[in-house]
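So the chains spell out like this:
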Amino acid sequence: MQKKTPDYDNVFKTMKMKHKRLFVPVINDVFGRDYPKDVKVDILSSEGYLTETETADGSKDIEEQISDFLIRIENEIYLLECQSYDDGSMAIRIAEYAFIVARQFAVWDIGHATIPMPRFSIIYVKRTERTPKTTTVTFTFPDGQTVNYKSDNVILEDFTKEKVVEKRLFPYIPFYIARYEKEIASEGNIENVIEELTYFREEMIRLHQSGELSDDELIDLKGFVNTIITHITNGNKNEERLVNIMGGTVIETESERLMCMGAAKMVVELGQENGLDDEVILRQMQEKIGLTLEKAKFYLAQYGKQPV
C-alpha cells in the first residue's frame, strides 16, 4: 500500500484557493481550450459524500471524500483530481464526484431531466507500472446501451521542465521533483534535482520580472516547492541544500511561526543584554534560526530595545 501524501494534497488545494488564475493554462493544455489569462475563473465548492472502506484489520471505516478541484470557466465545468499514485479506486471515485457535480447543474421538468457531466482529468504526480494513461467510466443501461465517460490522464513525468515553463503550467512546478523522490529520500545523487530546481527558480524570477507572475505568486510557488522538498527529505542531509535553491521560503504553520517568534525574541534579548551590536544579532538570527535578513530585521525592530 502506498503511503498517504497529505503535503501534496495541501499544496494543490492551497494553490487552487490562492492562485486560481494559474490553472487557466492547465485547463487549456489538458482540455484543448484557448482561454485568455484574464478569463473569469470560479472555484466551486466541492461537496463531500461518505464512503465505507475496509481497514487492515477487516473493520469498516467511514470517510468523507471531497473532490480536489472544481472550476467553472464561462459555461464549462472542469473537475481535476491530483493523485500521487493510482490506488485502484480512482475511476469509481471520479464517477461519484462527477455525478455529485452534475446533480448541482441538472435541469429537469415533468418526465425529463438533463444531467450535464463535467469534463475531468486526473493529474498523477508520480508514475508506477500501474499508472493508467486514461480513465474510463462505463455506464451500462438495462437496454444494453453503454456509454464511456473517458479522459486522458496527466502524468507529470511526461513533462520536461522546458515544456512546463513554455506552456506556463505553473501548478506543476512544485510537484516536478517527485520524479526524483527515491534519490532525494535515500540521500543519493541529486545533481539533476539541483539543476532542474535552479532552472525553475531562474525562470520564475524572469517571468516575475516581466510581469507574468505577481509577487505573491512567485513567493508562494517557491514555498510550495519547498514544502514538497521537506516532505520528501524528511529532515535528511539533502533538505537544506535543496530548500536554499528556492530561497529558503517554506510554508509556515501557526505553531512554527510562534516557535520562530519565540526563538527570535530570545536571540534579540540575549544579544542586547550581552552588548552585541545589531549586525551580530541579525547574523545570529539568520544562522541559528534560519531567518531571511528581512525577517531578522523585522524581529529586531519588534523585540529590540530602542535607544533613548
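Just so it is clear, the structure is predicted and the values come from calculations on it, not from any experiment.

I'd love a proper account of the pattern of salt bridges, names of residues and values included.
Any two side chains of opposite charge can pair, so long as their charged atoms come close to each other. Under the counting rule described, the total for this entry stands at 17 salt bridges. When the shortest N-O distance is used, the salt bridge between E217 and R21 registers 2.7 Å. A residue pair is termed long-range when its members are at least 10 positions apart, and E217 in helix 7 (residues 215-233) and R21 in the loop between helix 1 (6-18) and helix 2 (24-31) qualify at 196 residues. A salt bridge links R206 to E203; its shortest N-O distance comes to 2.5 Å. Of this pair, R206 and E203 both sit in helix 6 (residues 191-209), three residues apart, roughly one helical turn. Through salt bridges with shared partners, one network takes in R33, E76 and R119.

So what's going on with a nonpolar patch on the surface? Which residues, and what values?
Taken together, the side chains of F99, I115 and M117 present a nonpolar region at the surface, about 250 Å² in accessible area. Checked against the element boundaries, I115 lands in the loop between strand 7 (112-114) and strand 8 (119-124). Taking relative accessible area as the criterion, I115 reaches 40% and is therefore assigned partly exposed.

Quick rundown of the packing of helix 6 against helix 7? Include the residues and the values.
Remark: helix 6 packs on helix 7, axes separated minimally by 9 Å, with the N-to-C direction vectors making an angle of 165°. The angle between the axes of helix 6 and helix 7 places the two elements in the roughly antiparallel class. In this structure, the crossing between helix 6 and helix 7 has a hand that is right-handed. Mapping the contact onto sequence places L197, R201, M204, I205 and H208 in helix 6 and D215, L218, L221, K222, V225 and I229 in helix 7. The residue makeup of the contact of helix 6 with helix 7, split by class, is seven nonpolar, one polar and three charged.

Report on the packing of aromatic side chains, specifying residues and quantitative values.
For the structure shown, the criterion picks out 12 aromatic pairs. A centroid spacing of 4.9 Å and a plane angle of 75° characterise the contact between Y176 and F200, whose relative ring orientation is edge-to-face. In this pair, Y176 is assigned in the loop between helix 4 (161-166) and helix 5 (181-185) and F200 in helix 6, connecting sequence segments 24 residues apart. Exposure class is identical for Y176 and F200. Each is buried. With 5.4 Å between their ring centres and 65° between their planes, F298 and Y299 make a pair best called edge-to-face. Of the residues examined, F298 reaches a relative accessible area of 47% and is grouped as partly exposed. Relative accessible area serves as the criterion here: at 3%, Y299 is assigned to the buried category. By way of ring pairs, the aromatic residues F12, F23 and F69 are connected into one cluster. Looking at K161, its charged tip hangs above the ring of Y199, at a distance of 5.5 Å from the centre. Sitting over the ring of Y176, R179 keeps its end group 3.6 Å from the ring centre.

Conventions we followed
- Residues numbered from 1 in each chain as written.
- Predicted model: local features only at pLDDT ≥ 70, side-chain atom pairs only at ≥ 80, totals over all residues.
- Heavy atoms only, no water.
- Salt bridge = Lys/Arg side-chain N within 4 Å of Asp/Glu carboxyl O.
- Helix = DSSP H or I, 4+ residues; strand = E, 2+ residues; numbered from the N terminus.
- Patch = residues over 30% accessible without salt bridge, like charges linked within 9 Å, V, L, I, M, F, W, Y side chains within 5 Å.
- Areas by Shrake-Rupley, 256 points an atom, 1.4 Å probe, with all protein chains shown as cover.
- Buried < 20%, exposed > 50% of the residue type's maximum accessible area, 1.4 Å probe, protein only.
- Axes fitted to C-alpha atoms, helices over the stretch in contact; angles between N-to-C directions.
- Parallel < 35°, antiparallel > 145°, perpendicular 65-115°, else oblique.
- Left-handed = near helix turned anticlockwise from the far one by under 90°.
- Contact = heavy atoms within 4.5 Å.
- Nonpolar A, V, L, I, M, F, W, Y, C, P; charged D, E, K, R; others polar.
- Phe/Tyr/Trp six-rings, centres within 6.5 Å; stacked < 30°, edge-to-face > 60°.
- Lys NZ or Arg CZ within 6 Å of the ring centre and 35° of its normal.

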